[in-house]
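# A closer look at the structure
So you can see what is in the structure, the chains are spelled out below.
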Amino acid sequence: MAFDNLSDRLQMSLRRVTGKGRLTENDIEEMMREVRLSLLEADVNFKVVKEFTKEVKEQAMGEKILKGLNPGQQVVKIVHEELKKIMGDKAEPLTLNVMGVTTIMMVGLQGAGKTTTAGKLALHLRKTNNLKPLLVALDIYRPAAIEQLKTIGAQLDIPVFELGILEKPASIAKKALDYAKTNGFNLIVADTAGRLHIDELMMKELVDVKEVLKPQEILLTLDAMTGQDAVNVASSFHQSLSVTGSIMTKLDGDTRGGAALSLRTVTNIPIKFMGMGEKLDQFEVFHPERMASRILGMGDVLTLVDKVTQNIDEDDMMGMMEKMMSGKFNYNDFLKQLKMIKKMGSLGGMMKLIPGMNKAMQGANVDDKQLVFVEAIISSMTKSERKNPKLISQSSSRRKRIAKGSGRSVSEVNRLIQSLEQQTVMMKRMGSMDPNKINSANPMSALGNQPIKQKKGKGKNKSRFKF
Amino acid sequence: MKVDVIHMGFFKNLFSSKEKRKNAQKYNLGMKKTRESVFGNLKVLLDSSELISEDLFSELEEIFIMADIGVDTVLKFVQTLRHKVEINRIQSVEDLKELIIEEMYKLYVNDKIVSSNLNIVNDRINIILFVGVNGVGKTTTIGKIANEYIHKGKKVLMVAGDTFRAGAINQLRIWSERVGADFFAKEEGSDPSSVMYDAISYAKENKIDLVLCDTAGRLQNKVNLMKELEKINKIIGREIEFAPHETLLVVDATTGQNGLSQAKIFNEVTRITGVVLTKLDGTAKGGIVLAIKDELDIPIKYIGLGEKLEDLEHFDIEEYIYSMFSDIF
C-alpha cells in the first residue's frame, strides 16, 4: 500500500530520536534531513516539503519540547499533527442535490483512471446514498472509450447515456440531463475525455460542459503515481473549472503517493476518495487523518473497522482476533477468516491496515488467487481434521488424501499447514508483544497516555485492537 | 533565442549539424512548457548568482528533483558537479552551466553507444512486447509505432493482448484500421498467452514483418499479473527464438519516483530493452527516465509529444538536453 516506504523512512529517522532522553539541535537537523529526503522520494511536492520541515523544525526547537520529559515522542506527535494538517483535517463529504438530480463531472489527464472511477463512484453512491445513477459518456476522442464505459455500466447494472462520437460533449450533457430528469435518475456521473491541463481548447470544452450540467461536484481524478507535476496539473484544472474535490487512483500500487500530501496544501482541493484496485468495488472514502496515521506506520485501524462494519459481524471478528491471539487456531477459523477477507477485499490490503502487521508481513507475497485453492484444500479435510490441525501435520496419508480430494498437490497442502503454523506463531507473538517492542516498531503507540498493560484472561488484547 | 557563443564549447559541438538543429526545433515545440515551468527556474537562479556557493548546489539539487529525476541520481549528479568544480577550479557561473550540460550528457551516455533504434531486421518475424502500468499510453504508442513501420514498408500486425480492460480490444482495433495494420484478437477475458500463441501462428502464415503486442496495464506489485506477463514472455520466446526482440516499458512523463520501481520490477520479469516516455507535451519533464538509465542502464527509445499519429519521436539525448536547456544558455 502507498506510503509504506515513507513510513519506514520516517520511522527510521525518528527511531533515533525516540530512544533519546533529550534532543540536541543537531538531532533535529539530522532528522529533518531524513524527513525531507523521504518526502521527496515519496513525490511530495518540493514546496510542501520545505514548508513541512520548516514548521516541524520550528516546533521541535521550541523550549517546551527540549525541556520535556520525552522529546522524541513529542516530535513524532508534531510530525503527525503536521501531516494531518497538510492533508486536511477530516474527510470531506460530497455535496449532493437532495431535491433534484445530483450531477458530478469527472475530469483529469489521460490515463488517470476517470472511466473506471466514474463507474466506481456511481456504484458507491448507489450503495451508500441509495441514489439511482446514470453514467454519461462524454469522451468522444479516445477510441473505444464509450464502449469501456458501457461495459462497466453493464457490469454494475447502471445505464449509460451516450450519443456516439459526433455530437459535442456539451450538447450530449444537456440531453443526458433531460433524459435523467424524465426517467427518474437522481445522479449523473459524467465521464469526460482525458486532456492536458495546458490544452486551452480542450479545457474550454470542459467549461462548456460545466455550464450545461451545473455540477454539484467536479472531481479531479489524479494518478497516485504522479510526480512533482501533480501540483501544476491540479492548479490548472482548478483555475479553469473550480474543482470541488479530487480522487486519488491506483493507490493499491507500491507508489508512496506523496501527491496526496501536496494536493491539499498547494491547491486547497480536498481529496475525497481513493481507488484501491481494478475491481469496481475497490473504492474508499479518503480520510486524511487516517492517511496521516498510515504514513507514520500507525496502521489504519479505523479503515479496517469501517470495512468490518460494512461487511462483517463485529462479534465474529472479535472472537476471531481473540482466538488468533491465544494461539488456538484451527482450519475452521482459517476458513472463516478467508471468507471474511474475501468479503472485505484483498488479503494484502487488509493485513497492512493492522498496526504492526505491515512490518511483520514484509517480504511475504500475499497472493489473492491462492485463497481459492486454500479453500478447496480445507474443504477436503474431515471435520475432526479441521478442528485439530495436528492430525494432518502428523500424518502423510491424510495429507495425500486431502491433496487428492482437493485436486491440489501435496506440497500445497504442506504449505497450508506451514502457513497455519506460521500464523499461529505470529499471532501469539503479536498477542504477547511487550510494550517496549511496540514502541520501536510503531512509535505512535507511545503517544497514548496510558501505558499498555498486559491484562490477563479473555479480551486481553482489546486495548490494542479497537474492534 | 539569444545564445552566448563564448560559453558554448561543448554545447556547440552537440548541435553542429543542421539536421539536429531542425529536429530539436520540433522537440522544442513539444517541450516548451516543460522548459518554462522547471528549467526556467534554473535560468533565474544561475543568472542571479555570481559565485558558486554551497547554496547554489543545494538549489540545483532541488531543481533537478522538481524535474522528477530520481533523488539518488540527483544527489550523485550534484556531487559530481561539486567535485568537478573543485578539481577544475571553476569559478564562474557561466562555466558551471556548461559543466551541467556536459555531465548530464555523460550521465546518460555513460561512455557507451546508446542507440534509440529498435532491434528490427529483415527476413524474420520481429516481435515487440509493450508493457507498463495502467493508463500510460501503451495502446496509443503501438498505433504510432505501427504507423512508422508501415510507412517504412513493413507488414505490421497488432495483437490485442489486453483482454482484461473493458474496451481495450476495440481501442486497438480502431488504431489498426486507422494505420492499416493487420489485427489479431480473441474474445475479452481470454488468456493473453494463448492470444500471443495464436497471433504468432497468424504472423507466420501471413508473412508479417513486425508484431506489436499490447498487454494489459498492470501495477508492478501485483504478483499474479506479473506472473501472467512472465508467461506471455515465455510463450513468445518458445514460439520464436530470441523473441521478443524488444520489450518496451511505457512510462508516463507525469510519473514520479515510482517510475524507477516500475522499471526495476518489470525488468525482473521481462528483460526491458527500452523505455517509451509518453505525454511529454504536458508540463511534466519525465526526468525519472534519467534515473532509469542511470540505475538500470535501460535506454529511452521513443518520446511521445502529442496525440496525433506522428507525435512520436525517436529519443535523442542530445536533443533532449538541448531542448531542456536551450532557454538557459
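Structure: above.
All of the points below concern the structure found in this document.

The rules behind the values
- Residues numbered from 1 in each chain as written.
- Chains lettered and ligands numbered in written order.
- Predicted model: local features only at pLDDT ≥ 70, side-chain atom pairs only at ≥ 80, totals over all residues.
- Heavy atoms only, no water.
- Helix = DSSP H or I, 4+ residues; strand = E, 2+ residues; numbered from the N terminus.
- Buried < 20%, exposed > 50% of the residue type's maximum accessible area, 1.4 Å probe, protein only.
- Contact = heavy atoms within 4.5 Å.
- Areas by Shrake-Rupley, 256 points an atom, 1.4 Å probe, with all protein chains shown as cover.
- Pairing = 2+ DSSP bridges.
- Axes fitted to C-alpha atoms, helices over the stretch in contact; angles between N-to-C directions.
- Buried area = accessible area lost by both parts, 1.4 Å probe.
- Salt bridge = Lys/Arg side-chain N within 4 Å of Asp/Glu carboxyl O.
- Polar contact = N/O pair within 3.5 Å; in protein donor to acceptor, adjacent residues only side chain to side chain.
- Nonpolar A, V, L, I, M, F, W, Y, C, P; charged D, E, K, R; others polar.

### Thoughts on the overall build of chain B
Secondary structure summary: chain B contains 12 helices and 8 strands in total. Residues classed as buried in chain B amount to 60% of the 329 residues present. Put simply, of all contacts in chain B between residues at least 6 apart along the chain, 77% involve residues at least 24 apart. Roughly 13,500 Å² of accessible area belongs to chain B as shown, and the carbon and sulfur atoms make up 49% of that amount.

### Details of the sheet that holds strand β7 (residues 300–304) of chain B
Residues and elements named next belong to chain B. Reading across from one edge, β3-β2-β4-β1-β5-β6-β7-β8 is the order of the 8 strands in this open sheet, with mixed pairing throughout. The two strands at the open ends of the sheet, each matched to only one other strand, are β3 (182–184) and β8 (312–314). Going from strand to strand, the sheet's axes swing by 25 degrees on average, the running direction of each strand aside. In this structure, strand β1 (residues 126–131) lies alongside strand β4 (residues 210–213), joined through 4 bridges in parallel fashion.

### Here we look at the interface of chain B and chain A
Many authors give the size of an interface as the accessible area that is lost as the parts come together. The partner chain A presents 36 residues to the 47 residues of chain B that form the contact. Across the interface of chain B and chain A, roughly 3,500 Å² is buried in total on both sides, 54% from carbon and sulfur atoms. Of all residues in chain B, the largest losses of buried area upon contact with chain A belong to B:Glu62, B:Met66 and B:Thr254, amounting jointly to 14% of the total for that side. Counting across the interface, chain B meets chain A through 2 salt bridges. With a closest N to O distance of 2.5 Å, A:Asp252 and B:Lys222 form a salt bridge. Our enumeration of links across chain B and chain A arrives at 16 residue pairs in polar contact (both at pLDDT 80 or more). Contributing elements (two or more residues each) for the side of chain B that touches chain A: α3 (54–66), α4 (71–87), α7 (168–179), α9 (223–239) and α10 (258–269) of chain B. A total of 5 residues in the side of chain B that touches chain A trace back to one element, the largest contributor, which is α7(B). Looking at the side of chain B that touches chain A residue by residue, the classes come out as 14 nonpolar, 18 polar and 15 charged.

### Quick word on the side chain of A:Gln148
Along the chain, A:Gln148 turns up in helix α7 (residues 145–156). Among the polar contacts made by the side chain of A:Gln148, one reaches the side chain of A:Arg142 at a distance of 2.8 Å. Once residues within four sequence positions are removed from consideration, A:Gln148 is found in contact with A:Thr115, A:Thr116, A:Arg142, B:Arg165, B:Ala166 and B:Gly167.

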